[in-house]
Amino acid sequence: MTDRSRLALVAILVLAALLRVAVIAADGSYSPQNDAFEYDYYAHSIAAGDGYPESGYLRQGGATAIRGPGYPYLLGGVYATSGDSRAAGRLAGAALGVLAVFLIYLIGRRIWGRRVGLIAAALAAVFPPLVLLSRELWSETLFLPLELGAVLCALEFRRSGGALRWAAAAGALCGLALLTRNTAAPLLVCIPLGMLVAPVRLTLANLRAPLLVLAVAALVVVPWTVRNAAEFDRLVPVTTSAGITAAGVYNPASFDSGTHGAWRTPQAIPRFTPLFETPGIDESEVDDTLRREARDFAWEHPGYVAEVFVWNLARMFELSGGSVVDRNGDPVTERGIGSATPAAERAGLLLALALAACGVAAIVTSRQRGRGRGDGAFFPTGPLFLWLIPVLTLVATALLNGLPRDRLPVDAFLLLLAAIGVAWLLDLAGRREGQPA
């Protein structure tokens, strides 16, 4: 790296840090709500040495695994060392945001070169959804660096010629990501695929790295699974949240209300309300029942499943609101779970989408033009596993959720495409200026 590139990267990272600290300072009256409230509550309990608190979803309490332990324990560690300071917790999130910017640079540089890497980092530094994420106590602040770190490990594995240490590191990051958010599941498909290098042969030697990724990820998750087995007397691999998430969408009340699959709390759905008040039942049993009910309802209403998917995609990309509704079917507009999205976030997303479309055009024209003709920069497609991650994430998420924050794990890949688009537009402008009048 040249001195100029190094200075540019440092300036980008400093800008990323300043913006994230600024939005925290401007939001000094912050009071965590909804998911952030739960993470804050869990972290206080962990910092006090009491571990996870009792379930807040069942009337009788009992053990809970509704949230994966990754972010609560990180936040709890910050609280334990800072005197339960929410400001410290948010600043830790800002630091993780700067780390995500750096990882985006490394991924962009590894595939498309230093220029695209720097442009991608600059876009990530100022991209409103990622900047505003630092205001919140959300698990996405931890998940994004874990996701990007796993991708970078897969790229380094391919570059190193198959060094297994990168496969082990990728597996550890995948395991930690799964303990942080359920949306890590696509990583367990895509990262092992990224370890399969051409020519792909299903031999033990060629499968060592993918199997190592899965084995290490499992080792990371197993202690929490053992904890859950002790608490619930049954297998609960990570969380008990799948049923509540799915049943909040796939139920008669949502189907009949015309809210296009917007999520509502199952406790307020008459069909499910008694389940949360039944004595002697625990979260894992409630989760089993809700998952079964939601699966059966979805199977009986395939058209509704398609409707949910399309509307949730629109909601994630800010094309529609109403991702969460109350018991009356009215849109919830509370920060983080509703439709109250800042205008800057929508404008930034629109610009990123436009530049990403240019990035796709740059890759397509590069392939059509062919490499080495000397009539413009060549932008490689990039490995297939890289693009499978956002695609599978969107598909898996849109079937259940439509919150804009559910799109955040995809934004890094969107910005990589946008950076290619910016580089391509700069090349086009440079060639036009160089043409004789």
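Residues numbered from 1 in each chain as written. Predicted model: local features only at pLDDT ≥ 70, side-chain atom pairs only at ≥ 80, totals over all residues. Heavy atoms only, no water.

Q: Explain the overall build of the protein to me, and be specific about the residues and the numbers.
A: Along the protein, the regular secondary structure elements total 17 helices and zero strands. Radius of gyration (C-alpha) of the protein: 23 Å, near the 22 Å computed for a compact globule of 437 residues. In the protein, of all internal contacts separated by at least 6 residues, the share reaching a separation of at least 24 is 73%. Summing over all exposed atoms, the protein offers an accessible surface of approximately 19,300 Å²; the carbon and sulfur share of this is 63%. (Helix = DSSP H or I, 4+ residues; strand = E, 2+ residues; numbered from the N terminus. Rg over C-alpha atoms; globule rule 2.2 N^0.38 Å. Contact = heavy atoms within 4.5 Å. Areas by Shrake-Rupley, 256 points an atom, 1.4 Å probe, with all protein chains shown as cover.)

Q: Before we move on, can you summarise unusual backbone geometry with the specific residues and values?
A: The phi dihedral of Asn34 falls on the positive side, at around 55°, and the residue is not glycine. The residue Asn34 is located in helix α2 (residues 34-47) in this model. The exposure class assigned to Asn34 is partly exposed, which follows from its relative accessible area of 28%. Despite not being glycine, His260 has its phi angle at roughly 55°, a positive value. Position of His260 relative to the elements: it lies in the loop between α12 (252-257) and α13 (283-300). (Buried < 20%, exposed > 50% of the residue type's maximum accessible area, 1.4 Å probe, protein only.)

Q: Please give an account of the side chain of Glu318 that cites residues and values.
A: Along the polypeptide, Glu318 turns up in the loop between α14 (302-316) and α15 (343-369). Glu318 has contacts with Thr341, Glu345, Arg346, Leu349, Pro404 and Arg407, leaving out every residue within four places of it along the chain.

Q: Could you give me a rundown of the packing of aromatic side chains, with the residues and numbers involved?
A: Any pair of aromatic rings gets described here by the distance separating the centres and the angle formed by the planes. All chains considered together, the criterion is met by 12 aromatic pairs. Ring geometry for Tyr39 and Tyr71: centres 5.2 Å apart, planes at 90°, overall edge-to-face. With Tyr39 in helix α2 and Tyr71 in helix α3 (residues 70-82), this residue pair connects regions lying 32 residues apart in the sequence. Both residues of the pair, Tyr39 and Tyr71, count as buried. These aromatic residues form a ring-pair network of at least three members: Phe37, Tyr41, Tyr42, Tyr52, Tyr73 and Trp224. The ring of Tyr39 carries the charged tip of Arg67 above its face, separated from the ring centre by 5.2 Å. One cation-aromatic arrangement involves Arg405 over Trp138; the distance from NZ or CZ to the ring centre is 4.3 Å. (Phe/Tyr/Trp six-rings, centres within 6.5 Å; stacked < 30°, edge-to-face > 60°. Lys NZ or Arg CZ within 6 Å of the ring centre and 35° of its normal.)

Q: Residue-level account of the side chain of Glu136, with values.
A: Following the sequence through the fold, Glu136 ends up in the loop between α6 (128-133) and α7 (140-160). Given the relative accessible area of 5%, Glu136 is considered buried. If near-sequence neighbours (up to four positions away) are discounted, Glu136 is found in contact with Tyr30, Tyr71, Thr141 and Arg335.

Q: I'd like a rundown of the pattern of salt bridges, residues and numbers included.
A: Any two side chains of opposite charge can pair, given that their charged atoms come close. For the coordinates displayed, the defined rule picks out 19 salt bridges. Residues Arg67 and Glu38 are paired through a salt bridge, measuring 3.2 Å at the closest nitrogen-oxygen approach. Residue Arg67 is found in the loop between α2 and α3, and its partner Glu38 is found in helix α2; the two are separated by 29 residues along the sequence. Judged by relative accessible area, Arg67 falls into the buried class, the value being 14%. Glu38 sits in the buried class, given a relative accessible area of 16%. Arg346 is the salt-bridge partner of Glu318, the closest N and O atoms lying 3.8 Å from each other. (Salt bridge = Lys/Arg side-chain N within 4 Å of Asp/Glu carboxyl O.)

Q: Now, about α13: what can you tell me, with residues and values included?
A: The end-to-end C-alpha distance of α13 is 26 Å, a good match for the 26 Å that 18 residues give at a rise of 1.5 Å each. All of the buried residues along α13 are Glu283, Ser284, Val286, Asp287, Thr289, Leu290, Ala294, Phe297 and Ala298. (Expected span 1.5 Å × (residues − 1).)

Q: Report on the state of the cysteines, specifying residues and quantitative values.
A: Tallied over the full model, the rule gives zero disulfides. With no disulfide of its own, Cys190 lies closest to Cys174 among cysteine sulfurs, the gap being 9.4 Å. (Disulfide = S-S within 2.5 Å.)

Q: Please set out the environment of Thr265 residue by residue, giving values where relevant.
A: With respect to the helices and strands, Thr265 occurs in the loop between α12 and α13. Assessed through its relative accessible area of 30%, Thr265 is described here as partly exposed. The spatial distance from the C-alpha of Thr265 to the C-alpha of Thr239 is 17 Å, given a sequence separation of 26 residues.

Q: I'd like a description of the environment of Arg109, backed by residues and values.
A: On the secondary structure map, Arg109 appears in helix α4 (residues 86-112). In sequence terms Arg109 and Ile119 are 10 residues apart; their C-alpha atoms lie 9.8 Å from each other.

Q: Describe α3, and please don't skip the residues or the numbers.
A: With 13 residues, α3 extends 19 Å from end C-alpha to end C-alpha; this agrees with the ideal 18 Å at 1.5 Å per step. Among the residues of α3, those classed as buried are Tyr71, Pro72, Leu75, Gly76, Val78 and Tyr79. Down the axis of α3, the smallest arc covering the buried residues is 160°, so these residues share one side. Of the exposed residues in α3, those oriented more than 90 degrees away from the buried face are Ala80 and Thr81. In this structure, the buried residues of α3 make contact with α2, α4, α7 and α8 (164-180). Of the residues flanking the end of α3, it is Gly83, one or two places downstream, whose phi is positive at about 70°. (Arc of directions from axis to C-beta.)

Q: How would you summarise the nonpolar core if you had to cite specific residues and measurements?
A: In this structure, Ile107, Val151, Ile191 and Met195 are the most contacted members of the largest nonpolar core, which totals 115 residues. In this structure, Val151 is in contact with Ile107, Ile191, Phe385, Leu386, Ile389 and Phe413, ignoring residues within four places of it in sequence. If you look at the next biggest cluster of nonpolar residues, it comprises five residues, including Val23, Ala94, Val131 and Leu132. (Core = buried A, V, L, I, M, F, W, Y, C linked by side-chain atoms within 4.5 Å.)

Q: Describe in detail the packing of α7 against helix α9 (residues 187-194), supporting the description with residues and values.
A: Contact geometry for α7 and α9: axes closest at 9 Å, N-to-C directions at 20°. On the basis of their axis angle, the class for α7 and α9 is roughly parallel. For the pair α7 and α9, the crossing hand works out as right-handed. Facing Phe143, Glu147, Ala150, Val151, Ala154 and Arg158 of α7, the residues of α9 in contact are Leu187, Ile191 and Gly194. Split by residue class, the contact of α7 with α9 holds six nonpolar, one polar and two charged. (Axes fitted to C-alpha atoms, helices over the stretch in contact; angles between N-to-C directions. Parallel < 35°, antiparallel > 145°, perpendicular 65-115°, else oblique. Left-handed = near helix turned anticlockwise from the far one by under 90°. Nonpolar A, V, L, I, M, F, W, Y, C, P; charged D, E, K, R; others polar.)

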